[in-house]
Amino acid sequence: MLKKMTDVDVRKGIKNVLTRIEEACKKRPPELEAVEPRLVAVSKTKPVNLILEAYEGGQRHFGENYVQELEEKATNADILEKCKDIRWHFIGHLQKNKVNKVLCLPNIYLIETVDSQKLATTLNNHWPKFGPPDTKLKIMIQVNTSGEGEKNGIPPAEVCSLTEYVLKECGNLQLDGLMTIGRFGYNPEDGPNPDFLCLKTCRDEICQNLGLDWKNINLSMGMSDDFEHAIELGSTNVRVGSSIFGYRPRKVRE
Ligand SMILES: *Cc1c(COP(=O)(O)O)cnc(C)c1O
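Residues numbered from 1 in each chain as written. Predicted model: local features only at pLDDT ≥ 70, side-chain atom pairs only at ≥ 80, totals over all residues. Heavy atoms only, no water.

### Remarks on the packing of aromatic side chains
Then step 1. With the rule as written, the count across this model stands at one aromatic pair.
Then step 2. Geometrically, the ring pair formed by Phe62 and Trp88 is tilted, given 6.1 Å between the ring centres and 55° between the ring planes. With Phe62 in strand E2 (residues 61-64) and Trp88 in strand E3 (residues 87-90), this pair connects stretches of sequence that are 26 residues apart. The burial state of Phe62 is the same as that of Trp88; both residues are buried.
Then step 3. In this structure, Arg60 packs its charged tip against the face of Tyr55, placed 3.6 Å from the ring centre. (Phe/Tyr/Trp six-rings, centres within 6.5 Å; stacked < 30°, edge-to-face > 60°. Helix = DSSP H or I, 4+ residues; strand = E, 2+ residues; numbered from the N terminus. Buried < 20%, exposed > 50% of the residue type's maximum accessible area, 1.4 Å probe, protein only. Lys NZ or Arg CZ within 6 Å of the ring centre and 35° of its normal.)

Right, dumping it as structure tokens:
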């Protein structure tokens, strides 16, 4: 049967992105050669059948940024039955009053968007009610590297203090890395993306000030338009949506 124009070949999309990731890895400085970037397939607005297809093709990490949508997908009967090893990343803005709704979900793996002490505290306090006993919830600290007012994330100057707070006061959380969205539409031909450089500098600072090993702190940066550039600059976690699942009409506020 002929495929409709709107059908996307998700497996092919994943394969293609993985090949491009591999190629970008070859262009990195030698000290990064040991690190293998993780692909997070961003499935927001896309139907469950495409997630199933991607999972069957070997993809395990998926990202969603609306609480209700993640809830529907993570508790979907087919996903629960067929995707036992799926790993959900929450990549949207998380309001404190929605924390329980996310933490109770099966296979929630990582909250990428912690941007305040209050949110960290709430996650820390609630995780023991939901997570398997004696486990820590993985989180990333979201940094507003571009300084744009409408973007979530903490200013780079506050990353050290929030990191220190998480390490010292939040025994139920495990710091997995730092995350940025960055400014929209930056052209890599203008040189290394300042948002990506900034996130890397933040990591250097927390590692130096708090005695952490940089190899244990992921950098979540790079999306469909710029993930190769981000990898060349040290990204270890790329969040790719439309290059895998096809065009997605933009919401007014994303
Ligand atoms: C939508 C989204 C992505 C993926 O964007 P694409 O351009 O479709 O790859 C990545 N990160 C976040 C936080 C998003 O909201």
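### Notes on the pairing of strand E8 (residues 237-240)
On any regular strand, side chains alternate: one points to one face of the sheet, the next to the other face.
Then step 1. Along E8, one buried face is formed by Asn237 and Arg239 and the opposite face, lined by Val238 and Val240, is buried too.
Then step 2. The pairing of strand E1 (residues 38-42) with E8 spans four bridges and is classified as parallel. Looking at E8, one finds that Arg38 is bridged to Asn237. (Pairing = 2+ DSSP bridges.)

### What about the packing of helix H1 (residues 10-25) against helix H2 (residues 48-56)?
Then step 1. At a closest axis distance of 8 Å, the pairing of H1 and H2 adopts a crossing angle of 50°. Between H1 and H2, the interaxial angle falls into the category oblique. H1 and H2 meet at a crossing whose hand is right-handed. Two secondary-structure elements touch here, H1 through Val10, Arg11 and Ile14 and H2 through Leu50, Glu53, Ala54 and Glu56. (Axes fitted to C-alpha atoms, helices over the stretch in contact; angles between N-to-C directions. Parallel < 35°, antiparallel > 145°, perpendicular 65-115°, else oblique. Left-handed = near helix turned anticlockwise from the far one by under 90°. Contact = heavy atoms within 4.5 Å.)

### Section: helix H3 (residues 67-74)
Then step 1. All of the buried residues along H3 are Val67, Glu69, Leu70, Lys73 and Ala74. For H3, the buried positions fall inside an angular range of 165° around the axis, keeping them on one side.
Then step 2. In this fold, the buried residues of H3 make contact with H2, E2, helix H4 (77-82), E3, helix H5 (99-103) and strand E4 (108-114). (Arc of directions from axis to C-beta.)

### Examining the pattern of salt bridges
Then step 1. Applying the stated criterion across every chain, the model contains eleven salt bridges.
Then step 2. For the salt bridge of Glu56 with Arg11, the shortest nitrogen-to-oxygen distance reads 3.6 Å. Of this pair, Glu56 sits in helix H2 while Arg11 sits in helix H1, and the two are 45 residues apart along the sequence.
Then step 3. With relative accessibility at 49%, the residue Glu56 sits in the partly exposed group.
Then step 4. Between Asp85 and Arg87 there is a salt bridge, and its shortest N-O distance comes to 3.8 Å.
Then step 5. Residue Asp85 is classed as partly exposed on the basis of its relative accessible area of 36%.
Then step 6. A cluster of three or more residues bridged by salt bridges with shared partners is formed by Arg60, Asp85 and Arg87. (Salt bridge = Lys/Arg side-chain N within 4 Å of Asp/Glu carboxyl O.)

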